[in-house]
Amino acid sequence: MSNQLRWYSKTQIVLHWITVALVIAQYVLHDSIVNAWELIQSGKSVSFDPLVLSHVAGGIFIAVIVLIRLRLRSINTHETKDLLGNRLSNIAHKLLYAILLMMVLSGGMAWLFNIDASANAHNLFKVLLLITVLGHVLAALYHHFIMKDGLLNRMFLARK
């Protein structure tokens, strides 16, 4: 592998996969908070549900991790000879981070302040996140199978 390739730190790799797990959990826990939201919107009271709390806490954890990942990304920058690839990668990652943060903000505002427009925005960001994650996965597979640059290996193994 060329010295131009970016090796991720162990911290970056662990935070990446924690983010993946948390996002998957958010989709799994989505029904419980939707049910609670619908009860609230119809004027009914909602009893404590640990799955709702888990969804809210998961969103907060995602926001914290995204902020840490942004900081690490700013410290561990890299450039390769592929200027277009660098630009596209930076745009894609910033888009992912922005959507994740907007999901947390819109979901939090909807839940805490009962703002229907924020709930609608949260649902829109959910779809945008799925599309963006799909693009991210396809790009990783492109790097692995077409470019054969070892990107997937670098997302599992930190450089020693």
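This is a predicted model, so every value here is computed, not measured.

Where helix 2 (residues 30-41) meets helix 5 (residues 116-147), the axes come as close as 13 Å, and the angle between the chain directions of the two elements is 160 degrees. In this view, helix 2 runs roughly antiparallel relative to helix 5, as classed from their interaxial angle. Helix 2 and helix 5 meet at a crossing whose hand is left-handed. Contacts between helix 2 and helix 5 involve His 30, Trp 37 and Gln 41 from the former and Asp 116, Ala 119, Asn 123 and Lys 126 from the latter.

Moving on, we come to the side chain of Ser 106. Here Ser 106 shows up in helix 4 (residues 83-113). Its relative accessible area of 6% is what places Ser 106 among the buried residues. A polar contact is formed between the side chain of Ser 106 and the backbone oxygen of Met 103, at a distance of 3.2 Å. In terms of polar contacts, Ser 106 uses its side chain to reach the side chain of His 122, at 3.3 Å. Once residues lying within four places of it in the same chain are set aside, the contact partners of Ser 106 are Ser 118, Ala 121, His 122 and Phe 125.

Moving on, we come to unusual backbone geometry. The phi angle at Asn 114 is positive, at roughly 55 degrees, despite the residue not being glycine. With relative accessibility at 41%, the residue Asn 114 sits in the partly exposed group. The phi dihedral of Lys 148 is positive, around 50 degrees, even though this residue is not glycine. Within the element layout of this structure, Lys 148 appears in the loop between helix 5 and helix 6 (151-154).

Reading the values: rules and limits
Residues numbered from 1 in each chain as written. Predicted model: local features only at pLDDT ≥ 70, side-chain atom pairs only at ≥ 80, totals over all residues. Heavy atoms only, no water. Axes fitted to C-alpha atoms, helices over the stretch in contact; angles between N-to-C directions. Helix = DSSP H or I, 4+ residues; strand = E, 2+ residues; numbered from the N terminus. Parallel < 35°, antiparallel > 145°, perpendicular 65-115°, else oblique. Left-handed = near helix turned anticlockwise from the far one by under 90°. Contact = heavy atoms within 4.5 Å. Buried < 20%, exposed > 50% of the residue type's maximum accessible area, 1.4 Å probe, protein only. Polar contact = N/O pair within 3.5 Å; in protein donor to acceptor, adjacent residues only side chain to side chain.

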